[in-house]
Amino acid sequence: MKITRIAQRLDEAAVSGKATPQLTGEDAVTVREAAEIQRLLIAHRIERGARQVGLKMGFTSRAKMAQMGVSDLIWGRLTSDMWVEEGGEINLAHYVHPRVEPEICYLLGKRLEGNVTPLEALAAVEAVAPAMEIIDSRYRDFKFSLPDVIADNASSSGFVVGAWHKPETDVSNLGMIMSFDGRAVELGTSAAILGSPIRALVAAARLAAQQGEALEAGSLILAGAATAAVALKPGISVRCEVQNLGSLSFSTTGER
Ligand code: 0L1
Ligand code: MG
């Protein structure tokens, strides 16, 4: 079956770091089919022993939505094998087109499901942290296509989380600097995430419910990028500093 075969193909590309063709011709899919492929893709990892630990939100900046010609957010699943230790190292040989973006991460203390208000979302937060997402389209010569991105787990590939802070910490408008080897490559503010990252949490509950899922207590929600993503190169140190929240880093190795 087409859906199963594509999920297998994307899983192999993610595991091997070898690019796969985009979903054209007889492999073209609808957004609905793409969501099912994403679910099956993650099921392969879970069969290998990984756990789903949360969700990532994508296209959370209005500018990026307009640029891509999309009208709603997308989401992908975070699994335990995507976690990169703070201060750790990643080998770029395992990625296809790796990029990194600065984010805010929520840890939920209570379950959230469906249409919730920002106040209800805030009340479910146990802690907030600065974070970075490593995104990596697994497609060869990737050209943007919404179903292709959704099927490919919204390009999510890894995440790094910094120190946790109290849930009442105001993260609505914090300055963020992402640097490579001490040189700033992106400057932004958390307000670029839908005006305030809590809106991404509200949206995560709404969008997950459309697929019959809830945001479980204990899960991590990456709220989306505060700046454009920047391509990673081997042999660099990547750091993200967030006003009032501190900094986090990782380094890269590998031939590309
Ligand atoms: O904003 C996001 O995290 C989604 C990124 C998907 C498109 C891409 O690979 O650039
Ligand atoms: Mg992101």
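Parameters and conventions
- Residues numbered from 1 in each chain as written.
- Chains lettered and ligands numbered in written order.
- Predicted model: local features only at pLDDT ≥ 70, side-chain atom pairs only at ≥ 80, totals over all residues.
- Heavy atoms only, no water.
- Helix = DSSP H or I, 4+ residues; strand = E, 2+ residues; numbered from the N terminus.
- Rg over C-alpha atoms; globule rule 2.2 N^0.38 Å.
- Contact = heavy atoms within 4.5 Å.
- Areas by Shrake-Rupley, 256 points an atom, 1.4 Å probe, with all protein chains shown as cover.
- Lys, Arg positive; Asp, Glu negative; His and termini not counted.
- Charge placed at Lys NZ, Arg CZ, Asp CG, Glu CD.
- Near = heavy atom within 4 Å.
- Polar contact = N/O pair within 3.5 Å; in protein donor to acceptor, adjacent residues only side chain to side chain.
- Nonpolar A, V, L, I, M, F, W, Y, C, P; charged D, E, K, R; others polar.
- Donors = N, O, S within 2.8 Å, 3.2 Å for Na, K, Ca; no water.
- Buried < 20%, exposed > 50% of the residue type's maximum accessible area, 1.4 Å probe, protein only.
- Disulfide = S-S within 2.5 Å.
- Expected span 1.5 Å × (residues − 1).
- Core = buried A, V, L, I, M, F, W, Y, C linked by side-chain atoms within 4.5 Å.
- Pairing = 2+ DSSP bridges.
- Axes fitted to C-alpha atoms, helices over the stretch in contact; angles between N-to-C directions.

S.K.: Would you take a moment to explain the overall build of the protein for this structure?
M.R.: When helices and strands are counted, the protein shows six helices and twelve strands. Whereas a compact globule of 256 residues would reach a radius of gyration of roughly 18 Å, the protein reaches 17 Å, a difference of no more than 12%. Expressed as a percentage of contacts within the protein between residues at least 6 apart in sequence, the contacts between residues at least 24 apart total 75%. Total accessible area computed for the protein in this model is approximately 11,200 Å², and 51% of it derives from carbon and sulfur atoms. The distance from the centre of the 26 positive side-chain charges to the centre of the 30 negative ones in the protein is 3 Å.

S.K.: For this particular structure, what's the right way to read the site of ligand 1?
M.R.: As a matter of local geometry, ligand 1 sits amid Lys56, Gly58, Phe59, Lys64, Arg99, Glu101, Glu133, Val149, Ala154 and Ser155. One of the side-chain nitrogen or oxygen atoms of arginine 99 is found 2.9 Å away from an oxygen atom of ligand 1. Here an oxygen atom of ligand 1 sits 3.2 Å away from a polar atom, N or O, in the side chain of glutamate 101. Coverage of ligand 1 by the protein amounts to 97% of the 310 Å² it exposes when considered alone. Counting only elements with at least two residues in the shell around ligand 1, the list comes to strand S1 (52–58) and strand S4 (99–108). Split into classes, the residues belonging to the shell around ligand 1 amount to three nonpolar, two polar and five charged.

S.K.: What is the right way to read the coordination of the magnesium ion (ligand 2) from this model?
M.R.: Put simply, a metal with four donors set out as a tetrahedron has ideal angles of 109.5 degrees, and one with six donors set out as an octahedron has ideal angles of 90 or 180 degrees. Protein-derived ligands of the magnesium ion (ligand 2) are Glu101 (OE), Glu103 (OE) and Glu133 (OE), with the metal-ligand distances lying across 1.9 to 2.0 Å. Each donor residue of the magnesium ion (ligand 2) belongs to the same chain, with the gaps between them written as E-x1-E-x29-E. Of this pair, glutamate 101 sits in strand S4 while glutamate 133 sits in strand S5 (residues 125–135), and the two are 32 residues apart along the sequence. Neither glutamate 101 nor glutamate 133 differs from the other in exposure class; each is buried.

S.K.: Please explain the state of the cysteines as it appears in this structure.
M.R.: Among covalent bonds in proteins, the disulfide is the one between the sulfur atoms of two cysteines. Per the counting criterion, the structure on display carries zero disulfides. Between cysteine 240, a cysteine without a disulfide, and cysteine 105, which holds the nearest cysteine sulfur, the sulfur-to-sulfur distance is 12 Å.

S.K.: I keep staring at helix H1 (residues 2–16) and nothing clicks. Help me out?
M.R.: Three or four residues apart is the spacing at which side chains of an α-helix point the same way, because the helix has 3.6 residues per turn. The end-to-end C-alpha distance of H1, which contains 15 residues, comes to 21 Å, matching closely the 21 Å that a straight helix rising 1.5 Å per residue would cover. The complete set of buried residues in H1 reads Ile3, Ile6, Ala7, Arg9, Leu10, Asp11 and Ala13. Looking one or two places after H1, you find glycine 17, whose phi comes out positive at around 75°.

S.K.: In this structure, what is going on with the nonpolar core? I would like to understand it.
M.R.: When a protein is soluble and globular, its nonpolar side chains tend to lie buried together. One finds Tyr106, Leu112, Leu201, Leu215, Leu232 and Phe250 to be the most contacted residues of the largest nonpolar core, which totals 69 residues. Of all the elements, helix H6 (residues 198–210) adds the most residues to this core, at nine residues.

S.K.: How do you make sense of the environment of glutamate 86 when you look at a structure like this?
M.R.: Tracing the sequence through the fold places glutamate 86 in the loop between strand S2 (74–79) and strand S3 (89–91). Look at glutamate 86 and you get partly exposed, because its relative accessible area is 37%. If sequence neighbours within four positions are ignored, glutamate 86 has contacts with Val160, Val161, Gly162, Leu248 and Ser249. A distance of 2.7 Å separates a polar side-chain atom of glutamate 86 from the backbone nitrogen of serine 249.

S.K.: How should helix H2 (residues 31–47) be read in this particular structure?
M.R.: An ideal rise of 1.5 Å per residue puts 24 Å on 17 residues; H2 measures up with 25 Å between its terminal C-alpha atoms. For H2, the full list of buried residues reads Ala34, Ala35, Ile37, Gln38, Leu41, Ile42, His44 and Arg45. Looking at the buried side of H2, the elements it contacts are H1, S1, S2 and helix H5 (146–151).

S.K.: Sorry, what's going on with the sheet that holds strand S11 (residues 237–242) here?
M.R.: Within a sheet, each strand pairs with its neighbour through backbone hydrogen bonds, oriented either parallel or antiparallel. Strand order in this open sheet of five strands is S3-S12-S11-S7-S8, and the pairing throughout is mixed. Of all strands in the sheet, those with a lone pairing partner are S3 and strand S8 (183–189), marking the two edges. Taking the axes of each pair of neighbouring strands and ignoring which way they run, one obtains an average angle of 20° across the sheet. Where S3 lies against strand S12 (residues 246–253), three bridges are found, and the strand directions are parallel. From the neighbouring strand, asparagine 91 faces S12, where its bridge partner is threonine 253.

S.K.: Explanation requested: the pairing of strand S6 (residues 156–161) in the structure shown.
M.R.: Side chains on a regular strand alternate between the two faces of the sheet. Burial analysis of S6 places six of its six residues in the buried class, which makes it a mostly covered element. Across five bridges, S5 lies against S6 in antiparallel orientation. From the neighbouring strand, glutamate 133 faces S6, where its bridge partner is phenylalanine 159.

None of the figures reported here should be taken as evidence of function without further support.
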